[in-house]
Amino acid sequence: MRKNRSAALAAATFLLVSGAAIAAAPSAYAGAPGSTHASDRNSDFNGDGYEDVLVGAPGATVSGKKGAGLVTVQYGSSRGIGTSNVARFSQSTAGVAGAAEAGDGFGKAVATGDLDGDGYDDAVVGIPGEDLGTVKDAGGVAILWGSRSGLTGAASDWLQTEEPTAGEQFGVGLAAAHFTDETPGDQLAVLDRYDPELFAYVSGTQRALKERSTQRLSAQAEPQGIQPKSLTTGDYDNNGYADLVVSGVTVGDQPGNGWSVLLSGHADGLSYTREFEGGPVSASGDINKDGFDDLVTGEPHGPNDVYGEVWAGGVLGVRLGGPDSITEDADWWTQASPGVPGNPEVGDGWGTDLSVADTNGDGYADVAIGAAGEDIGTVADAGAVWVLRGSAGGLTGTGAKSWDQNSANVPGVPEKGDKWGAQVRLTDPNRDGRFGLLASAPGENTGDGFIWVLSAGSGGVTASGSWTYSAGSLGAPSLDAAFGAAIDE
């Protein structure tokens with residue numbers, strides 16, 4: 001059941017929207033905060049033109065509090081990302097709202113966007129385990145503002161529910177994009193266990209965010225019996241405004257099947273469009289290079305129907321965008337699809353995570369796929385990753401590749417429970433137009449977590465020269481940190 005929400009007073013003011021007038025957005029934005037295509041993602045915190053990488057380590061011990069959590073940022077450059085030009089943030093960082101507490105899970109979810117339209121992208125950090133007073137796991141969200149020198153904890157902002165309930169986990173999912181002209185910057189969608197809420201920046205002497213009511217949207221979506229799990233954005237109809245997809249699983253008589261809701265962006269806001277099969281994982285990008293973003297959904301455990309092991313190992317659904325938004329029908333993919341390496345098996349988790357971007361610079365967005373439950377030989381749940389190519393006809397198995405920790409040039413060895421591919425992200429931190437692959441294994445070293453870096457060249461992603469790092473590599477606490485449990489998309 002949805003509750004009426006407002007934001008709390010913390011480092012800055014958060015106000016419930018109640019019909020107040022909102023100034024019209026300017027026609028152009030510094031730093032292009034209105035970019036909606038996945039290839040134009042907002043993750044440049046210092047405005048130098050290079051994409052930065054934000055990673056969550058929600059299990060990290062901070063100030064002696066186990067599971068308080070932290071995030072790291074690696075700043076991009078002509079050489080890409082490394083382990084030196086980095087910063088670390090937690091609720092023990094000066095200026096960051098709140099205090100580090102055991103089990104908070106700071107960094108369980110992360111997102112970026114230019115919320116205030118100043119040309120510097122901002123980091124949004126979900127803290128779904130945050131206790132509010134005596135209310136356990138009510139959840140909260142911290143906003144770290146971008147600047148010429150990068151992210152800063154100073155004057156960070158805070159969001160929480162007005163009437164918190166135990167287990168609500170506000171901040172379990174996040175997404176920022178330009179959905180509407182009602183405010184100059186990107187708007188922020190925050191997910192809890194029940195539904196998404198929208199927030200927007202309010203100009204003034206203090207930074208502030210205010211809630212934009214989504215009661216009408218939620219009222220239409222909730223009766224369908226969907227428990228939301230994740231969010232993605234893309235401009236599927238190419239109207240210049242981002243659309244929001246809320247993906248989850250069905251509840252009720254036939255629970256556990258992937259299902260999603262599409263909310264379409266317009267000048268005056270988001271509107272409920274329709275629901276469809278697919279989820280609880282999703283990602284967006286222009287796979288067929290027609291100017292319309294396309295939607296990919298992942299169902300890592302397969303639908304609860306009679307499809308057998310082929311589908312139970314995990315299934316992807318691809319819906320192409322167009323003038324009328326994404327197609328009604330999906331093109332379904334499994335490991336048994338032509339050209340896809342491997343064989344589908346129950347529990348593979350193919351589609352555990354997804355990322356969509358152009359890996360070889362040909363203008364077609366490709367799809368990175370994680371399978372955290374993939375067994376490597378007799379090693380259970382070691383994990384693996386794939387990249388499938390985009391083409392004029394959509395997703396194709398031609399040129400598909402896969403890697404695991406037994407692959408040539410990939411550091412490490414597969415171990416039980418590594419869950420390599422639990423998070424995948426295609427990123428271009430050196431701005432050469434080819435997106436390399438970050439693949440995380442939050443279970444590596446019995447829960448410390450590591451990230452692998454696979455670069456991209458003219459042939460796309462390659463394991464040649466790949467390397468790996470942990471929270472400790474970035475000067476952060478690493479023991480049981482679950483580093484890489486979240487990587488901003």
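Residues numbered from 1 in each chain as written. Predicted model: local features only at pLDDT ≥ 70, side-chain atom pairs only at ≥ 80, totals over all residues. Heavy atoms only, no water.

Engineer: Kindly report on the overall build of the protein, identifying the contributing residues and their values.
Structural biologist: Along the backbone of the protein there are three helices and 31 strands. Looking at the protein as a whole, 61% of its 489 residues qualify as buried. For the protein, restricting intrachain contacts to residue pairs at least 6 apart in sequence, the fraction spanning at least 24 positions comes to 57%. Of the roughly 17300 Å² that the protein leaves accessible, carbon and sulfur atoms contribute 49%. (Helix = DSSP H or I, 4+ residues; strand = E, 2+ residues; numbered from the N terminus. Buried < 20%, exposed > 50% of the residue type's maximum accessible area, 1.4 Å probe, protein only. Contact = heavy atoms within 4.5 Å. Areas by Shrake-Rupley, 256 points an atom, 1.4 Å probe, with all protein chains shown as cover.)

Engineer: So, the pattern of salt bridges: which residues are in play, and what are the values?
Structural biologist: Scanning all chains against the criterion turns up five salt bridges. Between arginine 425 and glutamate 51 there is a salt bridge, with the nearest N and O atoms lying 2.3 Å from each other. Of this pair, arginine 425 sits in strand S25 (residues 423-427) while glutamate 51 sits in the loop between strand S1 (13-16) and strand S2 (53-57); the two residues are 374 residues apart in sequence, bridging distant segments of the chain. Note on arginine 425: relative accessible area 0%, which makes it buried. Of the residues examined, glutamate 51 reaches a relative accessible area of 10% and is grouped as buried. Ionic pairing is found between aspartate 480 and lysine 66, a salt bridge with its closest N-O pair at 3.2 Å. Pair noted here: aspartate 480 is in the loop between strand S30 (467-470) and strand S31 (486-487) and lysine 66 is in the loop between S2 and strand S3 (70-74), with a separation of 414 residues, a long-range link. (Salt bridge = Lys/Arg side-chain N within 4 Å of Asp/Glu carboxyl O.)

Engineer: Tell me about the sheet that holds strand S17 (residues 281-285), residues and numbers included.
Structural biologist: Sheet strands associate in pairs through backbone hydrogen bonding, adopting either a parallel or an antiparallel arrangement. The strand order across the open sheet formed by four strands is S17-S18-S19-S20, and the pairing between neighbours is antiparallel. Unpaired on one side and paired on the other, S17 and strand S20 (331-333) mark the two borders of the sheet. Between one strand axis and the next, the sheet turns through 20 degrees on average, direction left out of account. With five bridges joining them, strand S18 (residues 294-299) and strand S19 (residues 315-319) adopt antiparallel strand pairing. Opposite valine 296, over in S19, you have valine 318 as the bridge partner. (Pairing = 2+ DSSP bridges. Axes fitted to C-alpha atoms, helices over the stretch in contact; angles between N-to-C directions.)

Engineer: Which residues make up the packing of aromatic side chains, and what are the values?
Structural biologist: We describe a pair of aromatic rings using the distance from one ring centre to the other and the angle between the two ring planes. Taken as a whole and judged by the stated rule, the model has eight aromatic pairs. Geometrically, the ring pair formed by phenylalanine 450 and tryptophan 452 is tilted, given 6.4 Å between the ring centres and 55 degrees between the ring planes. Take phenylalanine 450: its relative accessible area is 18%, and that puts it in the buried class. A relative accessible area of 2% means that tryptophan 452 is categorised as buried. By the ring-pair criterion, three or more aromatic residues cluster together here, those being Trp420, Phe450 and Trp452. One cation-aromatic arrangement involves arginine 431 over tyrosine 50; the distance from NZ or CZ to the ring centre is 4.4 Å. (Phe/Tyr/Trp six-rings, centres within 6.5 Å; stacked < 30°, edge-to-face > 60°. Lys NZ or Arg CZ within 6 Å of the ring centre and 35° of its normal.)

Engineer: Describe the sheet that holds strand S13 (residues 226-234), naming the residues involved and giving the relevant values.
Structural biologist: With antiparallel pairing, the four strands of this open sheet are ordered in space as S13-S14-S15-S16. Looking along the sheet, the strands with just one partner apiece sit at the ends: S13 and strand S16 (269-277). Sheet twist, expressed as the average angle between the axes of neighbouring strands with direction ignored, equals 25 degrees. Here eight bridges tie S13 to strand S14 (residues 243-250), and the two strands are oriented antiparallel to one another. Bridged to threonine 233 within S14 is leucine 244.

Engineer: Got a sec to walk through the side chain of aspartate 294? Specific residues and values, please.
Structural biologist: Residue placement: aspartate 294 occurs in strand S18. Although buried, aspartate 294 forms no salt bridge, and the nearest oppositely charged side chain, arginine 319, lies 11 Å from it. One polar contact links the side chain of aspartate 294 to the main-chain amide nitrogen of isoleucine 287, over a distance of 2.7 Å. A polar atom in the side chain of aspartate 294 sits 3.5 Å from the backbone nitrogen of asparagine 288. With residues up to four places along the chain from it excluded, the contact list for aspartate 294 reads Tyr236, Ala283, Ser284, Gly285, Asp286, Ile287, Asn288, Arg319, Leu320 and Gly321. (Lys, Arg positive; Asp, Glu negative; His and termini not counted. Polar contact = N/O pair within 3.5 Å; in protein donor to acceptor, adjacent residues only side chain to side chain.)

Engineer: Give me the pairing of S16: which residues, what numbers.
Structural biologist: Along a regular strand, successive side chains alternate from one face of the sheet to the other. With eight bridges connecting them, strand S15 (residues 258-266) and S16 associate as antiparallel partners. By the bridge assignment for S16, valine 261 is matched with glutamate 275. Taken together, S15 and the strand that follows it, S16, pair antiparallel across an intervening segment of two residues.

Engineer: So what about the confidence of the model for the protein? Which residues, and what values?
Structural biologist: Mean pLDDT over the protein stands at 87; residues scoring 70 or higher make up 86%. Low confidence marks residues 1-39, where pLDDT is under 50. Its contacts with residues over four positions away, or in another chain, come to 106 contacts. For residues 212-223, every residue scores under 50 in pLDDT, and the model assigns this stretch 29 contacts once sequence neighbours within four places are set aside. (pLDDT = per-residue confidence, 0-100.)

Engineer: Can you lay out unusual backbone geometry for me, pointing to particular residues and giving the numbers?
Structural biologist: Cis geometry is found at the peptide bond from glycine 279 to proline 280, where omega equals 15 degrees. Tracing the backbone shows proline 280 in the loop between S16 and S17. For aspartate 381, which is not glycine, the phi torsion reads 55 degrees and is therefore positive. Assignment of secondary structure puts aspartate 381 in the loop between strand S22 (366-371) and strand S23 (384-391). Take aspartate 381: its relative accessible area is 32%, and that puts it in the partly exposed class. The backbone of asparagine 445 shows a phi angle near 55 degrees, a positive value even though the residue is not glycine. Inspection of the secondary structure puts asparagine 445 in helix H3 (residues 444-447). For asparagine 445, a relative accessible area of 37% puts it in the partly exposed group.

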